Amino acid sequence: MGDPVTQYTARLQQQEHEISSLSAEIESLQNPQNLSPTARLDELREENTKLKYRLNILKRSLQDESTSYSKSMININQRLQEIFGEAIRASCPELDNPPLAVTPNQQAKFGDYQCNSAMAMAQMLKAKGIKASPREIAEKIIQNLPDNELVQKTEIAGPGFINIHLKRTFVSKLLSNLLINGVQPPPLSSRKKVVVDFSSPNIAKEMHVGHLRSTIIGDSMCRLFEFLGYDVLRLNHVGDWGTQFGMLIAHLQEKFPNYLSISPPIGDLQAFYKESKKRFDEDEDFKQRAYRCVVRLQSKEPDFIKAWNLICDVSRKEFQKVYNCLDIHIIERGESYYQNMMTDVVKEFEEKGFIEHDEGRKIVFAPGQSIPLTIVKSDGGYTYDTSDLAALRQRIFDEKADIIIYVTDSGQATHFQVVFAAAQMIGWYNPQVTRVEHAGFGVVLGEDKKKFKTRSGDTVRLMDLLEEGLKRSMDKLKEKERDKVLTPEELMKAQRSVAFGCIKYADLSHNRINDYVFSFDKMLDDRGNTAAYLLYAFTRIRSIARLANIDEATLRKAAETTEVLLDHDKEWKLGKCILRFPEILQKILDDLLLHTLCDYLYELATTFTEFYDSCYCVEKDRQTGEVVKVNMWRMLLCDATAAIMAKGFDILGINPVQRM
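Cut-offs used in this document
- The residue numbers shown here count from 1 along each chain, following its written sequence.
- For this predicted model, a pLDDT threshold of at least 70 governs which residues receive local features, and a threshold of 80 or more governs which side-chain atom pairs are given and counted, while totals over whole chains, interfaces and linings are taken from all residues.
- Side-chain metrics in this entry use all non-hydrogen atoms of the structure; hydrogen atoms and water are not considered.
- UniProt positions are given in the numbering used here, feature names are shortened, and annotations may be inferred rather than shown by experiment.
- Helical segments are the DSSP runs of H or I of at least four residues, strand segments are the runs of E of at least two, and each set is numbered from the N terminus.
- Relative accessibility decides the category of a residue: with a 1.4 Å probe and only protein chains considered, values under 20% of the type maximum give buried, values over 50% give exposed, and everything between is partly exposed.
- Residues count as neighbours in contact if any of their non-hydrogen atoms are within 4.5 Å of one another.
- In these tables, accessible area is a Shrake-Rupley quantity obtained with a 1.4 Å probe, and a residue counts as shielded only by the protein chains included in the view.
- Throughout, an axis means a line fitted to C-alpha atoms (over the contacting stretch in the case of helices), and angles, computed between N-to-C directions, take values from 0 to 180 degrees.
- The labels follow the angle: roughly parallel below 35 degrees, roughly antiparallel above 145, roughly perpendicular from 65 to 115, and oblique for the rest.
- Should the near helix be turned anticlockwise from the far one by less than a right angle, the crossing is left-handed, and should it be turned clockwise, the crossing is right-handed.
- Following the grouping adopted for this structure description, the nonpolar residues are Ala, Val, Leu, Ile, Met, Phe, Trp, Tyr, Cys and Pro, the charged ones are Asp, Glu, Lys and Arg, and the polar ones are all others, Gly among them.
- Only buried Ala, Val, Leu, Ile, Met, Phe, Trp, Tyr and Cys residues count toward a nonpolar core, and they belong to the same one when joined by side-chain atoms within 4.5 Å.
- A pair of Phe, Tyr and Trp rings is counted when the ring centres sit within 6.5 Å of each other, with Trp represented by its six-membered ring. The angle between the planes then sorts it: under 30 degrees is stacked, over 60 is edge-to-face, the rest tilted.
- By definition here, charges over rings are those cases where NZ of Lys or CZ of Arg is within 6 Å of the ring centre and within 35 degrees of the ring normal.
- The pairing criterion is simple: DSSP has to find at least two bridges between the two strands.

Under the annotation held in an unreviewed UniProt entry, the chain carries the name Arginine--tRNA ligase, cytoplasmic and is attributed to Channa striata. Taken from UniProt, the Sequence similarities (unreviewed entry) comment for the chain reads in full: "Belongs to the class-I aminoacyl-tRNA synthetase family." Quoted verbatim from the Catalytic activity (unreviewed entry) field of the UniProt record, the comment on the chain reads "tRNA(Arg) + L-arginine + ATP = L-arginyl-tRNA(Arg) + AMP + diphosphate".

This is the structure:
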């Protein structure tokens, strides 16, 4: 069944059309004796009146439902766009898809939000030969605003900006809803399946700083989608197949000939890899043995599969140490997972006539792409192109993913662009229906602004980086004499929280598209937009209720019985800032740029500081230090701020502690 409002509106429009036709017919009739349609006209008008009445009842019911403040947080910007979108369409019905621009106001004196559509609409009307000034259009928009629950008043400023002032009672009720129900995501129209491909180190090689960004960014994206209610599949597309495994297996067989019965003590897999690579490059006999090992591995001979598994297992254990530190949960599906699917991919491209032959290779040119994909090499082997096509096909058809995101460095942007274009060409997905996106990122630089390396020029091992972070965070905590007030267990929790939180935040707080400079000194600084500052701020906010001797049960009861007053300018500013959280998440959902959340959390923390400096939450006797008065609605604002910050940290993968 359709929406009742839509049904009644359609019937209403039909009746209006019939009335208009009959009225025209009456006017055209010269002879009064031919006025036979009047009976039908009266009947239609009566039914029309009834329909209008029922339509208004339904609209009021829907409005009441929208103002009942369900458990979900409301995206205020989205709600304003709905209201102003309706007014804009009613004001200029002659425009197809009129522009809709509603944004938070940058200056509080001009209101809370601003609608800037009138100027662009005037230009569109002008192109149609219709003259109207932006101010005239703005006035029409205001006149056509539907009854709503959140706009207190509107004002026209300048050439046609519409300043929007929110109702304080509306904001207060939303804050109460947040306090009673917790930080709940906006409602989802449908629970989509999301696949995020991230981290993706290579077997037999240690994770280095280059894997840091993919791991941290990908995990945070997954956390965002999971919080919003999507069905998320976290995939680790490790490099676990290819010619390098022939080299590794040949070296394993010679160095540990009894590997089938006794597990080889490969402690340093990186050194093992370097040894085998050196032999591969310098010893022609060894190289030929390595190639034969590849063939036998690809033929799935049991002894060679066991050797391959042994090497993979050693790597997995090393990877897991990093994932444990960073609290990363991920499912491994390496290149080997898709090996059996590649034959079908090549066959499908051949059957549909997309294959071209080039010096023994089978290549595919996708529309608009100058670089082809090589899906079969001249020796008959498959490539990364074939593997990535097979992985994409599996995710679309087997996983039935609605959204597929690849988190790799920006250097792979062209490769993925060609892969996506080929997949669209063959008809695997329609970009209007399925979102397939490469979320690229820049490189990590040292403080010399060059690619981050050790002093000897080697790539920085990720575990070395994390261990250095732990050491430095402990030094920072001791410098602040936290070791004198925290228990050993609390100190260790604070150490891990600061170390790993700062490393993550330093990465996520930069626009992922850009390179960024890695500096322990900057990331551990407790001033400015850093995790250290935010973690200390969060701990201080959490401590306010404790210092006022107010427990969680009292706060919960107050949330249900106390109105959150927003009379002071700083209360109002903080209340609005808290409620912008769903808008921030929606923006990140659209562009996958997580630094927006970091900027918001920093803004929230600084806005809270302004509020706390200007508005007494707890008043104490100056001589005794005893609490003499608690402004409970302000304590609730403290609680709401902490709740949003905690959820923001959770999405970023940062684990705050109660005491620091």
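There's more to say after this.
**Topic: the overall build of the chain**
Scanning the chain for helices and strands turns up 23 helices and 16 strands. The buried share of the chain, taken over its 660 residues, is 48%. Across the chain, the fraction of contacts at a sequence separation of at least 24, relative to all contacts at a separation of at least 6, is 74%. Looking at the chain as shown, the accessible area adds up to about 33000 Å², and 48% of this sits on carbon and sulfur atoms.

**Quick notes on the packing of helix H13 (residues 384-397) against helix H14 (residues 413-425)**
Their axes nearest at 10 Å, the elements H13 and H14 cross at an angle of 55°. When the axes of H13 and H14 are compared, the pair comes out oblique. For the pair H13 and H14, the sense of crossing is right-handed. Touching Asp385, Asp388, Leu389 and Leu392 of H13 are His415, Phe416, Val419, Phe420, Ala422 and Ala423, all from H14. Split by residue class, the contact of H13 with H14 holds seven nonpolar, one polar and two charged.

**A short note on the nonpolar core**
In this structure, Leu80, Phe84, Leu212 and Phe581 are the most contacted members of the largest nonpolar core, which totals 168 residues. If you look at the next biggest cluster of nonpolar residues, it comprises 33 residues, including Tyr338, Met342, Ile375 and Phe416.

**Section: the packing of aromatic side chains**
Within this structure, the stated rule accounts for 16 aromatic pairs. Measuring from ring centre to ring centre gives 5.8 Å for Phe416 and Phe420, while their planes differ by 35°; the resulting arrangement is tilted. Of this pair, Phe416 and Phe420 both sit in helix H14, four residues apart, which is roughly one turn of that helix. Here Phe416 and Phe420 have matching classes, each one buried. Through pairs of rings, three or more aromatic residues link up here, namely Phe349, Phe354 and Trp428. Its guanidinium or amino end placed over the ring of Trp572, Arg168 lies 4.4 Å from that ring's centre, counting from NZ or CZ. When the ring centre of Phe280 is taken as origin, the NZ or CZ atom of Lys287, which lies over that ring, is 5.3 Å away.

**A short note on the pairing of strand S6 (residues 231-236)**
For S6, the buried fraction is high: five of the six residues fall into the buried class. Bridge analysis of strand S5 (residues 193-197) against S6 gives five bridges, and the strand direction is parallel. Note on S6: the bridge partner recorded for Val195 is Leu233. Taken together, the two bridges between S6 and strand S7 (residues 331-332) define a ladder with parallel strand orientation. What sits directly across from Asn236, in S7, is Glu332.

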